[in-house]
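# Coordinate analysis (summary)
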Amino acid sequence: MEYRQLGKSGLKVPELCFGAGTFGTANEFFKAWSETTQEEANRIVDICMDAGMNLFDTADVYSDGESEKALGKALAKHNRDDVMISTKATFRLGKGPNDVGSSRYHLIQSAERSLKRLGTDYIDIYHLHAFDATSPVEETLRALDDLVREGKIRYIACSNFSGWHLMKSLSVSERYGWSRYVGHQVYYSLVGRDYEWELMPLAADQGVGALVWSPLGWGRLTGRIRRETGIPKDSRLNSNIVNDAGPQVPEEYLYTVVDAIDEIAKETGKTVPQIALNWLLRRPTVSTLVVGARNEEQLKQNLGAIGWELTKEQVAKLDKASELPKAYPYWHQVQFKERNPFPV
């Protein structure tokens, strides 16, 4: 396992991070992903630690807090100093008017509750799960800075921000000398490359590391979907509540990308998900990939994505198959590469 700097921070994180969204089954959405038992969660965490995959990502809303509880129990037997925990707040968790958002009230309350569920006295990376346009950015960042100064969180990060959300936040942190976002948890995959248009150039310029969620395209690049067979009957993509909440990918485009991956699979002897993950690990600004697993077998398959590299020719083939027309103003900007070069 290689370790990479998380943005401009001094923190090193493993190139693969385990996403504990599969732990806990408190509602219909997460039951569609997995029904991992505590015993299975314990075993998965042990395998991760043995592989050097010591960063674990969760959120307060995953299975209504049950994911944090299950992760905390699974980590209890491990030395806390050997483990890094990432969790998130902002989304609604409760029925009250202040049980949502990035206000000082909600963030401090959420952090305290996450600490209790995780069974720890500090969180290594604390994310805002989304941008809250109803709370002043200054209030949000001051609350996060206070939590850092109190030792309850070590680093702050964000997730699912647009470019102006992130840049405004970084500017406010700089103005007041507060803790700044060192990571941005983003959706990025071979069938979802929008991150490259604005967020990647911003991250490269400002030193913000990408923690990539759903690197297998919301379950589309697991190797089970083919042009000839379509989506398997037992796939979570057949669940409307899961499919509607995730990225939409045209079928023909998906099959074109999978066809290209299959060609490279024959050349390398690697699987579809291993190739898709390895491609991402070579992209600029990527600090770590958040990979989930329903069971031990899936986890070991994902671990096979590291320790080797695609050739330049193979990367070019995947780039070409997965490229889509850019939205404005990006299609205009890329015509002037001499003065406005993109990272990829």
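Looking at an unreviewed UniProt entry, one finds the chain named Aldo/keto reductase and attributed to Tunturiibacter gelidiferens.

A barrel is described by the order of its strands in space; here eight strands give the closed sequence 3-4-5-6-7-8-9-10, paired in parallel fashion. Mean inter-strand twist for the sheet, computed between neighbouring axes without regard to direction, equals 30°. In terms of strand pairing, strand 6 (residues 123–128) meets strand 7 (residues 153–159) through five bridges, oriented parallel. Counted as the bridge partner of Ile-123 is Ile-153 from strand 7.

For Gln-206, the position within the fold is in helix 7 (residues 199–206). At 2.7 Å, the side chain of Gln-206 and the side chain of Asp-205 are in polar contact. The contacts of Gln-206, once residues within four sequence positions are left out, are Lys-8, Met-167, Leu-170 and Arg-180.

Attention shifts here to helix 3 (residues 66–75). Burial runs high along helix 3: seven of the 10 residues are buried. At its buried positions, helix 3 is contacted by helix 2 (38–50), strand 4 (55–57), strand 5 (84–89) and helix 4 (104–118).

Along its 18 residues, helix 9 (residues 251–268) runs 25 Å from first to last C-alpha, staying within 8% of the 26 Å computed at 1.5 Å per residue. Turning to helix 9, its buried residues number three or more, namely Tyr-253, Leu-254, Tyr-255, Val-257, Val-258, Ala-260, Ile-261, Asp-262, Ile-264 and Ala-265. Contacts made by the buried residues of helix 9 are with helix 10 (272–281) and helix 12 (312–322). Immediately beyond the C-terminal end of helix 9, within one or two residues, lies Gly-269, with a positive phi of roughly 75°.

Any two side chains of opposite charge can pair if their charged atoms end up close together. Counted according to the given criterion, the structure contains 22 salt bridges. The partner of Arg-193 in a salt bridge is Glu-196, and the shortest N-O contact between them spans 3.0 Å. The burial state of Arg-193 is the same as that of Glu-196; both residues are buried. Here the salt bridges do not stand alone but share partners, grouping Arg-193, Glu-196, Arg-283 and Asp-319 into one network.

A few words on the layout of surface pockets. Considered as a void within the structure, the second largest pocket measures approximately 310 Å³ in volume. If you go around the second largest pocket, you meet 18 residues; those closest to its centre are Tyr-187, Gly-192, Asp-194, Tyr-195 and Pro-247. Here the lining of the second largest pocket gets three residues from one element, more than from any other, and that element is strand 8 (residues 181–187). Here the residues of the lining of the second largest pocket sort into 12 nonpolar, four polar and two charged.

The omega angle of the peptide bond from Tyr-328 to Pro-329 is 10°, so this bond is cis rather than trans. Relative to the helices and strands, Pro-329 is located in the loop between helix 12 and helix 13 (330–333). With a phi angle near 65°, Asn-160 is a residue other than glycine that sits in the positive phi range. If you trace the backbone, Asn-160 turns up in the loop between strand 7 and helix 6 (163–176). Positioned with a positive phi, Trp-218 is a non-glycine residue whose angle comes to about 65°. If you trace the backbone, Trp-218 turns up in the loop between strand 9 (209–213) and helix 8 (240–243).

Conventions and cut-offs
Residues numbered from 1 in each chain as written. Predicted model: local features only at pLDDT ≥ 70, side-chain atom pairs only at ≥ 80, totals over all residues. Heavy atoms only, no water. Pairing = 2+ DSSP bridges. Helix = DSSP H or I, 4+ residues; strand = E, 2+ residues; numbered from the N terminus. Axes fitted to C-alpha atoms, helices over the stretch in contact; angles between N-to-C directions. Polar contact = N/O pair within 3.5 Å; in protein donor to acceptor, adjacent residues only side chain to side chain. Contact = heavy atoms within 4.5 Å. Buried < 20%, exposed > 50% of the residue type's maximum accessible area, 1.4 Å probe, protein only. Expected span 1.5 Å × (residues − 1). Salt bridge = Lys/Arg side-chain N within 4 Å of Asp/Glu carboxyl O. 1 Å grid on protein atoms, 1.4 Å probe; cavity = no way out; pocket = protein on both sides within 12 Å on 5 of 7 lines; lining within 4 Å. Points joined across faces, edges and corners; volume = space filled by probe spheres on them. Nonpolar A, V, L, I, M, F, W, Y, C, P; charged D, E, K, R; others polar.

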